[in-house]
Amino acid sequence: MRNILRLALVVLALMAVAAVGIVAYVYSGIYNVAATRQHTAPVYWLLTTALTRSIEVRADDIVVPDLSGDDRFHSGLDLYRQHCSQCHGAPGVAPERFALGMTPLPPPIVQIGRERSAAEIFWAAKHGLKMTGMPGWDFKLSDEEIWNLVAFILAIPTLSPVEYYDLTGTAPNPTEPATDQPLGNYSGDPDRGKVALRQYGCIACHQIEGIVGPETWVGPPLEGIGERKYIAGVLPNSSQNLVRWIRNPQGVDPLTAMPELGVTEKHARDMVAYLYSRNDP
Ligand code: HEC
Ligand code: HEC
């Protein structure tokens, strides 16, 4: 009996020390909230697993209505362009610049359409997601409108960029991006490049070695890109061509689903320096 009491006291004391430690840590300001800093892999896992499980559990008993029909699709398309594409992009269309700087990054809509069920998309859109920047749309849209959005989002994985431009009448114009400042033969800073690959939203579509991010399969993983003979199957691999692809993918291949993200020449060179540095033999 005594021993149990003693054990309980020790456990309580340890918990008190841990609680003081946590409060001291929070107050000290040591934790860096900068959106430009990546999460560590365990923290990222914790956050995404909690988010995914929370959505799955709550969506479980939602009854999905009939989502077929052109009316739903077209209403969903209009609503999507008004309220969602700014953050989630669209086939061949980049999100707005502000959204590329968000942590967590809004996932590309094609990824959501492929991996989430109708009920899950409905629940997340209606209630929003705490501490991510994803707004809740209850009080702004009716349930019927949210189901129209769901119907459209589930159809997105079957739409090519060209079909999306046809539907919306907005072709992106693959103009050659302006060069910002003369860079001479600046060969790029891999450390800046590593941050830039997150800050331009590349990791929403590509898994990139050394960068913590979603398990995405929208674009090919970029591991080993330095070894590849062709970039996206069209350009011979060189640092100059890789910069060209990153800045102007649709100028190289008008059919590609990789959007133009407004990358400056300097940042593109930084990205290439990082991507190639992963392959040094
Ligand atoms: C201000 C930017 C923003 C806007 C606008 C926005 N979203 Fe989001 N959305 C996010 C972010 C950030 C996340 C969470 C990313 C994460 O951590 O998974 C998210 C997540 C989601 C998810 C859950 C995806 C998943 O797999 O976890 C769905 C579904 C979704 N958004 C649908 C929509 C719809 C539909 C609209 C328009 C009505 C919309 N979003 C508008 C930023 C936005
Ligand atoms: C919305 C999704 C999306 C985003 C964001 C995106 N990409 Fe891509 N990317 C793709 C797709 C899809 C392909 C395959 C293109 C093709 O083959 O036509 C691709 C291809 C590539 C390739 C060629 C890969 C190979 O195996 O040949 C590179 C390199 C690349 N992207 C780099 C980047 C960089 C750097 C960024 C950020 C500035 C970025 N991408 C942002 C979707 C995306």
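By convention here, each chain's residues receive numbers from 1 onward along its written sequence. Here chains are named by letter from A upward and ligands by number from 1 upward, in the order in which they appear as written. The predicted nature of this model means local features are confined to residues of pLDDT at least 70 and side-chain atom pairs, given and counted, to a pLDDT of 80 or more, with totals for whole chains, interfaces and linings taken over all residues. Side-chain descriptors were evaluated using all non-hydrogen atoms of the structure, hydrogens and water having been removed beforehand.

### A short note on the coordination of the iron atom of ligand 2
- Water is not among the atoms examined, so metal sites may look incomplete; donors are the N, O and S atoms within 2.8 Å of the metal, or within 3.2 Å for Na, K and Ca. Protein-derived ligands of the iron atom of ligand 2 are His 206 (NE2) and Met 258 (SD), with the metal-ligand distances lying across 2.0 to 2.1 Å.
- Here the iron atom of ligand 2 binds six donor atoms, and the angle range of 88 to 178° at the metal identifies the geometry as octahedral. With His 206 in the loop between α10 (190–199) and β1 (230–231) and Met 258 in the loop between α12 (249–252) and α13 (265–277), this pair connects stretches of sequence that are 52 residues apart. The exposure classification of His 206 matches that of Met 258, with both residues buried. Site shape is set this way: if four donors have all angles between 85 and 135 degrees, tetrahedral; if opposite donors are over 155 degrees apart and all others between 65 and 115, square planar for four donors and octahedral for six; otherwise irregular. Here a helix means four or more residues in a row that DSSP labels H or I, a strand means two or more in a row labelled E, and each is numbered from the N terminus. Buried means the residue's accessible area, taken with a 1.4 Å probe over protein chains only, is under 20% of the maximum for its type, while exposed means over 50%, and partly exposed covers the values in between.

### Observations regarding the coordination of the iron atom of ligand 1
- All of the protein donors around the iron atom of ligand 1 are His 88 (NE2) and Met 134 (SD); their distances to the metal are 2.0 to 2.2 Å.
- Geometry at the iron atom of ligand 1 is octahedral, judged from the six donor atoms that bind it and their angles of 87 to 179° at the metal. Linking His 88 in helix α4 (residues 85–88) with Met 134 in the loop between α7 (118–127) and α8 (143–155), this pair joins segments that are 46 residues apart in sequence.
- Overall, the relative accessible area of 15% leaves His 88 in the buried class.

### So, the site of ligand 2
- In this text, near means that some heavy atom of the residue lies within 4 Å of the molecule or strand in question. The environment of ligand 2 is formed by 24 residues, the closest being Cys 202, Cys 205, His 206, Arg 228 and Met 258.
- Identification of polar contacts relies on pairs of N or O atoms within 3.5 Å, with a donor-acceptor requirement for protein atoms, meaning one able to donate a hydrogen and the other able to accept it, and with residues adjacent in sequence counted only if both atoms are side-chain atoms. Side-chain polar atom of Trp 245 to a nitrogen atom of ligand 2: 3.3 Å apart, as the coordinates give it.
- Elements represented by at least two residues in the shell around ligand 2 include exactly β1 and α11 (239–247).
- Ranked by residue count, the leading element in the shell around ligand 2 is α11, at three residues.
- Gly is put with the polar residues, along with every residue not named as nonpolar or charged; the nonpolar set is Ala, Val, Leu, Ile, Met, Phe, Trp, Tyr, Cys and Pro, and the charged set is Asp, Glu, Lys and Arg. By residue class, the composition of the shell around ligand 2 is 18 nonpolar, four polar and two charged.

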